[in-house]
Amino acid sequence: MTDVRVRFAPSPTGTLHIGSARTALYNHLFARHHGGTLVLRVEDTDLKRSRREYELSIVRDLHWLGLQADEGPDVGGPYGPYRQSERAPLYQAGVEKLLESGHAYHCFCTQERLDGLKAQQLAAGLMPTYDRLCRELTAEAAKERIASGEEATVRFFVPQGDVTFDDLIHGPITFSSDVIGDFIIHRTDGGFAYNYAVVIDDAGMHVTHVVRGEDHISNTARQLMLYEALGEEAPHYAHHSLIHGADGGKLSKRHGATSIGEFRDMGYLPSAVVNYLALLSWSPGDDREKLTLEELVSEFDMARVSKSAAIFDLDKLNWLNGLYIRELAAEELSEYIRPYLHEAGLEFDEGQREIVSAAIQPKLVTFGDAPIHAQVFADEPILTASSHLEALDEPGADIAFALLAEALEARDSEYFALEQARMILAQVGDGCRERGIKGKAIFKPLRVALTGCDHGPELFYLIAGLGRSRLLARLHTALGYLAQLGGRS
RNA sequence: GCCCCCAUCGUCUAGUGGCCUAGGACAUCGCCCUUUCAAGGCGACGGCGGGGAUUCGAAUUCCCCUGGGGGCACCA
């Protein structure tokens, strides 16, 4: 396969959706695997709903995922323009060609007549198709009516016969032209129909392989007819399945987050999203689940893409994201979680934030989870729940607290290196053991005294990252509670 | 209604006629590790939608049914 050219063609009527992102990914993987070219084409023929800001956000999200195109409205290229709204002259030329060769004709039917026709056919159990009334008009008659100011559309004259194509994912698919009516390629408002524009564009951009969702399968027959009529060579097609929600229906807002931007904002890593999306409907053929973009590129094979629809499974994305997060170095993680901590009102200096990062790393599913886990490093512990107070009342706890306080007081830095924190903790443990207190018994009270909570990061992280003054204050508070409890009993 | 596509554990998948008493992963549950919670390790649970046909042999091929999805626009 030489000179592979594929395209990703979103309409800028919203932000990049998880489903479109997967289409972009498959295009990217196919192009890169074959050393080909990926072009980005903006399908903004629907002027009412298309917005430039959406185009920009789609490009930004594509970049975030690492799926930048080689040609497109943002980077240019030899076969532009890359926005459909700027390609009208090309479409117009094609329409004229089709009109001249008799592959298209003007139609003056009103919407009312068309609606009635459709209702009639539906009632008769037929596929609604245009009845070719205006096909009977001579070119001269049509010209006169247009000249007299009548509005007209241009319809493609659908040829008789079957249309078959060999889909790279599905294999051979055949449509009978009987179920395809003469469709409009040029609207009365001057706009061009999608199925037509796509053909002019793909042909003009020398696209060799069209990789898109299977909601386009039935469009393919129309497009193939257009290629034939235009005398252009048709590309190969690969129609991948659609993503469904947990209820089996098409993925939509009510299934939760569906746009790439939302996942980015929640604190997902692009590597995890890309990995997950690739695995949805594709597998390397062995047991590997975790693959980088580079690995995906070298392993990707369109023939291995599953035909059946896949249900979006957040649990698995979460698992992958956690996997990638745990791979991060503490200083990287620290940078990633900074904005989330800041937004939650948790401020740490750089060194402390790195300790916090390392401490909470195993617990993170997304970066957005950082604040809830980092909370213990910021707030004063709230020792009110009676169960927690009881946890303090362990024989020897007071001694352990005092030993830790002593060890801390002997040092003058506010924060400690992890190694140092480990040493301090070991020192306390040794001291307890010397006094006949079991090591295991003191850790829980210590944790409760320090955090007010019975679970959380490993103790040495707390000692390293909490800060000496705060540690001491909490220790003294706990000691005070202990004294009260002792007085009561 | 008509046309097209699809069908293996709850979910994503491996499987292309014998290697399948169907493999892996997520989720769930249990155990281990452990100063807690996680993480990690080990294990358990759990599936070829139904019916015919071809074949010595079918998850795998063919047909029918059922179920799901998509399309049938002067949307893309």
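Residues numbered from 1 in each chain as written. Chains lettered and ligands numbered in written order. Predicted model: local features only at pLDDT ≥ 70, side-chain atom pairs only at ≥ 80, totals over all residues. Heavy atoms only, no water.

Engineer: Can you lay out the protein's contact with RNA strand B for me, pointing to particular residues and giving the numbers?
Structural biologist: Near RNA strand B lie 65 residues; those nearest to it are S11, R187, S218, K363 and G456. Restricting the count to atoms of RNA strand B within 4 Å of the protein gives a sugar and phosphate share of 72%. Between RNA strand B and the protein, one listed contact pairs a base oxygen with a side-chain N or O atom of T188 at 2.7 Å. In this structure, a sugar or linking oxygen belonging to RNA strand B sits 2.9 Å away from a main-chain N or O atom of L279. Only α4 (111-123), β6 (171-176), α6 (194-204), α7 (217-230), β11 (310-311), α11 (314-327) and α18 (439-451) provide two or more residues apiece to the surface near RNA strand B. It is α11 that provides the largest number of residues to the surface near RNA strand B, a total of 5 residues. Taken together, the residues of the surface near RNA strand B sort by class into 23 nonpolar, 21 polar and 21 charged. (Near = heavy atom within 4 Å. Polar contact = N/O pair within 3.5 Å; in protein donor to acceptor, adjacent residues only side chain to side chain. Helix = DSSP H or I, 4+ residues; strand = E, 2+ residues; numbered from the N terminus. Nonpolar A, V, L, I, M, F, W, Y, C, P; charged D, E, K, R; others polar.)

Engineer: How would you summarise the pairing of strand β5 (residues 162-167) if you had to cite specific residues and measurements?
Structural biologist: Burial of the side chains of β5 is restricted to one face: V163, F165 and D167 are buried, whereas none of D162, T164 and D166 on the reverse face is. Relative to β6, β5 runs antiparallel, the two sharing 6 bridges. Directly across from D166, in β6, lies its bridge partner P172. (Buried < 20%, exposed > 50% of the residue type's maximum accessible area, 1.4 Å probe, protein only. Pairing = 2+ DSSP bridges.)

Engineer: Which residues make up the nonpolar core, and what are the values?
Structural biologist: One finds L25, F312, F377, F401 and L404 to be the most contacted residues of the largest nonpolar core, which totals 102 residues. Split by domain, this core shows at least three residues from each of two domains, domain 2 (330-377) and domain 3 (386-484). With residues up to four places along the chain from it excluded, the contact list for F312 reads I18, I243, H244, L251, F263, Y276, L280 and L317. Counting 34 residues, the second-largest nonpolar core is a separate cluster that includes I173, F192, V199 and A203. (Core = buried A, V, L, I, M, F, W, Y, C linked by side-chain atoms within 4.5 Å. Domains from an automatic or database assignment. Contact = heavy atoms within 4.5 Å.)

Engineer: Mind laying out the domain arrangement of chain A, listing which residues take part and the relevant values?
Structural biologist: Annotation of chain A at the domain level lists domain 1 (87-204), domain 2 (330-377) and domain 3 (386-484). Centre-to-centre, using C-alpha coordinates, domain 1 lies 58 Å away from domain 2.

Engineer: Please give an account of the packing of helix α3 (residues 88-100) against α7 that cites residues and values.
Structural biologist: At a minimum axis distance of 10 Å, the contact between α3 and α7 shows a crossing angle of 75°. Comparing the axis directions of α3 and α7 gives the class roughly perpendicular. When α3 is examined against α7, the residues G94, K97 and L98 are found in contact with a partner set consisting of L226, A229 and L230. Residue composition of the contact of α3 with α7, grouped by class: 4 nonpolar, 1 polar and 1 charged. (Axes fitted to C-alpha atoms, helices over the stretch in contact; angles between N-to-C directions. Parallel < 35°, antiparallel > 145°, perpendicular 65-115°, else oblique.)

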